[in-house]
Amino acid sequence: MKGRRLLTRRNLLLTGAAAAGGLLLPGWWRRNMPPTYGHILRMGDNLTYAAHRLLLPGQSMAREYNPGDITAFPAIFLDDRFLTDPSHPMRSEAYRRSHATGFADWRLKVEGLVARPKTYSLADLKRFPARTQVTRHTCEEGWSAIGEWTGVQLGRVLEVDAGLLPEARFVTFHCNDNYVDSIDLLDALHPQTLLAYGMNGGDLSVPHGAPVRLRVETQMGYKSMKYIERVVVTSELDDGGKDGNIQNGWSWYAGI
Ligand SMILES: Nc1nc2c(c(=O)[nH]1)N[C@H]1C(S)=C(S)[C@@H](COP(=O)(O)O)O[C@H]1N2
Ligand SMILES: [Mo]
């Protein structure tokens, strides 16, 4: 179910172009390839990653829709039952308590290769200029939905406020349900990559990742991590250990 990739004609073409680019531009290759991980069969990830980085330079924007295009939006994995059902997979007492206070005691840690490691409250994040965007979320399980997201650009927090150090290359997200995954700096600093606290005009709900989730509009839905609590900037890929999505069979790079 996780990390499935369709080998489309377009991907094959892109892959070929990227391979050619890599042979011609070894320096580019070194700078733009994701780190090696796992199994030789995962090479396909590297080729797709390289193809996107070569052919979609930098910051191409994901399509934005109008508020009238917003659709019903399923919530994956979680519903509000975790608040009352102790056998629910997400049973962090701290999260339950935090939820009961309207997330007043919730904090987001930003650490690693930043000049000023910081801890943000929800109010702190809301003091930054907000961005609202209506985008399509595509899940690897075969559904997609359109929603409106409001939040602060991750790039503003990382680059402007915390200050990225020169060795920074990846950003890893640790979530309350032990979900861990990372993105590279290009996606982290993309103008549509948000720490989102609002959805469809209201607060982000528990099923959709309250109080703050990531929106990465350049990749498949599973990279848009919910229940974020810690953001770590690194120079090397942190695969998240046993909780990491790679170990659980997902492609690290899931560009769309
Ligand atoms: N922390 C966390 N984030 C997560 C997930 C999860 O299980 N835990 N599921 C991912 C997947 S596979 C999808 S499709 C989207 C679903 O977001 P939604 O529940 O708002 O529809 O969240 C992503 N982010
Ligand atoms: Mo998904």
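Residues numbered from 1 in each chain as written. Chains lettered and ligands numbered in written order. Predicted model: local features only at pLDDT ≥ 70, side-chain atom pairs only at ≥ 80, totals over all residues. Heavy atoms only, no water.

Student: Run through the pairing of strand β4 (residues 144–153), naming residues and quoting values.
Tutor: Burial runs high along β4: eight of the 10 residues are buried. Pairing geometry for strand β3 (residues 131–138) and β4, over eight bridges, is antiparallel. Considered in β4, the bridge of Val-134 is made with Glu-148. Connecting β3 to the antiparallel partner β4 that follows it, the hairpin turn spans five residues, and Gly-142 within it adopts a positive phi of roughly 110 degrees. Summarising the sheet, β4 and strand β7 (residues 194–199) pair through five bridges and their orientation is antiparallel. Bridge pairing in β7 links Trp-149 to Met-199. (Buried < 20%, exposed > 50% of the residue type's maximum accessible area, 1.4 Å probe, protein only. Helix = DSSP H or I, 4+ residues; strand = E, 2+ residues; numbered from the N terminus. Pairing = 2+ DSSP bridges.)

Student: Go over the pairing of strand β5 (residues 170–175) with me, naming the residues and quoting the values.
Tutor: The element β5 is largely enclosed, with a buried count of six among its six residues. Both faces of β5 are covered, namely the face carrying Phe-170, Thr-172 and His-174 and the face carrying Val-171, Phe-173 and Cys-175. Of the strand pairs in this sheet, β5 and strand β6 (residues 180–184) are connected by five bridges, and their pairing is antiparallel. In the sheet register, Phe-173 faces β6, and the bridge partner there is Asp-181. The antiparallel pairing of β5 with β6 creates a hairpin that spans four residues between the two strands, and Asn-178 there sits at a positive phi of about 70 degrees. Across six bridges, β5 lies against strand β10 (residues 228–234) in antiparallel orientation. Residue pairing across strands places His-174 opposite Arg-230, the latter belonging to β10.

Read these as spatial facts, not as claims about activity.
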